[in-house]
Amino acid sequence: MKLQHKIAGTILLPLAAAAMSTAAHAEFSMGGYVAAEFSLDTVSDGDSTDVNGSAVKSRFNLKQTNLGSSNATILFEGDYYGNGNQGNLRMRHALVMVDGWKIGQTWSSAANLNGILPTVDFVALTGGSAYANRHPMIAKEVDMGGSKLSFGVEDWGKSTAGEDGPVIPDLAAGFTTKMGDVSLFAGGALVNENDSKGENANWVHISASAKMAMSDSMKAVLSVTKTGNDDIDADWTAVSGGMGMGFGGGLSANAMAEVKSFGASGAEDQATVFVNAFYKMPSGLEFGAEIQNITDAAGMEGDDRTNFNVQGKYAF
């Protein structure tokens, strides 16, 4: 989400006024979007069909740049997707960036943002091959001239109440680079968690992706993620491939398929396929439609599920 629309000095917002009084060159901006989504969910057993409408994806963000002599940037972003999609305010980002340091909560250094295509259901594949997660962190980003390396300590939230939790912070790192028309990402994390016996255990999360611009209006992506530990019943590997295309006149479409294998043996598979289309009007109003099919939705021989989603959105 791009942060846009700088606040004019005549608009008396306390945050903007305070920033301008301490740093004349500082710039304040705000942005976000308002969205409403309706979904039709059907489970293969034939006994479950449900229609739901929601506006909880709507979000807002505030950004202050060029603070102090070090030109720090502060970002806050929230939406209403908290507490199990009940419309409660949720913190997405709360971050200060200065001299290459990232302190607060934002995308993990190991988050595979490079492997994501636009979706209506914004959690479509983020739990699988294109694993995009946000965590509290103290991290350092190093600009390597066309490439970036990010690394630091994070908290992946894997402690268990009433039991001994992790004894060291989680460690994460990610590397991004571009080779011609191909953007590459590789990341990994050492995560600490209680295992099935309530004892501390470590496991490794690794993820990689490639995104290739095949033309000015077409791109292809390929992602893979391996994560978890069989002792904590959360061991899986996911691979996906997809393509996005712009048709001009505000019309675009995307398609993606993923196979996710559970367990140490990889014997239980879950397959996900989604296809969507978006139309953005000259006014900025955008409509999207998406169909998503999940085979063996629960892993472990679960039911198949089909989701049809439509969305209206306006970004500001």
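Residues numbered from 1 in each chain as written. Predicted model: local features only at pLDDT ≥ 70, side-chain atom pairs only at ≥ 80, totals over all residues. Heavy atoms only, no water.

Chemist: Quick one: what's the story with a nonpolar patch on the surface, residue by residue and with numbers?
Modeler: Together, Phe38, Leu40, Val51, Val273, Val275, Ile291, Phe308 and Val310 make up a nonpolar patch on the protein surface, roughly 670 Å² of accessible area in all. Mapped onto the secondary structure, phenylalanine 38 falls in strand β1 (residues 27-43). (Patch = residues over 30% accessible without salt bridge, like charges linked within 9 Å, V, L, I, M, F, W, Y side chains within 5 Å. Areas by Shrake-Rupley, 256 points an atom, 1.4 Å probe, with all protein chains shown as cover. Salt bridge = Lys/Arg side-chain N within 4 Å of Asp/Glu carboxyl O. Helix = DSSP H or I, 4+ residues; strand = E, 2+ residues; numbered from the N terminus.)

Chemist: Give a description of the packing of aromatic side chains that names residues and reports values.
Modeler: Aromatic rings in a pair are described by how distant their centres are and how their planes are angled relative to each other. Tallying each qualifying case throughout the model produces 3 aromatic pairs. For the pair tryptophan 156 and tryptophan 203, a centre-to-centre distance of 6.4 Å together with 85 degrees between the ring planes defines the contact as edge-to-face. With tryptophan 156 in the loop between β8 (148-154) and β9 (170-179) and tryptophan 203 in strand β11 (residues 200-215), this pair connects stretches of sequence that are 47 residues apart. For the pair tryptophan 156 and tryptophan 203, one class covers both residues: buried. In this structure an aromatic cluster arises from ring pairing among Tyr131, Trp156, Trp203 and Trp236. Lying across the ring of tryptophan 107, arginine 134 places its NZ or CZ 5.0 Å from the centre. (Phe/Tyr/Trp six-rings, centres within 6.5 Å; stacked < 30°, edge-to-face > 60°. Buried < 20%, exposed > 50% of the residue type's maximum accessible area, 1.4 Å probe, protein only. Lys NZ or Arg CZ within 6 Å of the ring centre and 35° of its normal.)

Chemist: So what's going on with the confidence of the model for the chain? Residues and values would help.
Modeler: Looking at the chain, pLDDT values average 84 and 80% of them are 70 or higher. In this model, residues 1-24 is a region of pLDDT below 50 whose contacts with residues beyond four sequence positions or in other chains number 33 contacts. (pLDDT = per-residue confidence, 0-100. Contact = heavy atoms within 4.5 Å.)

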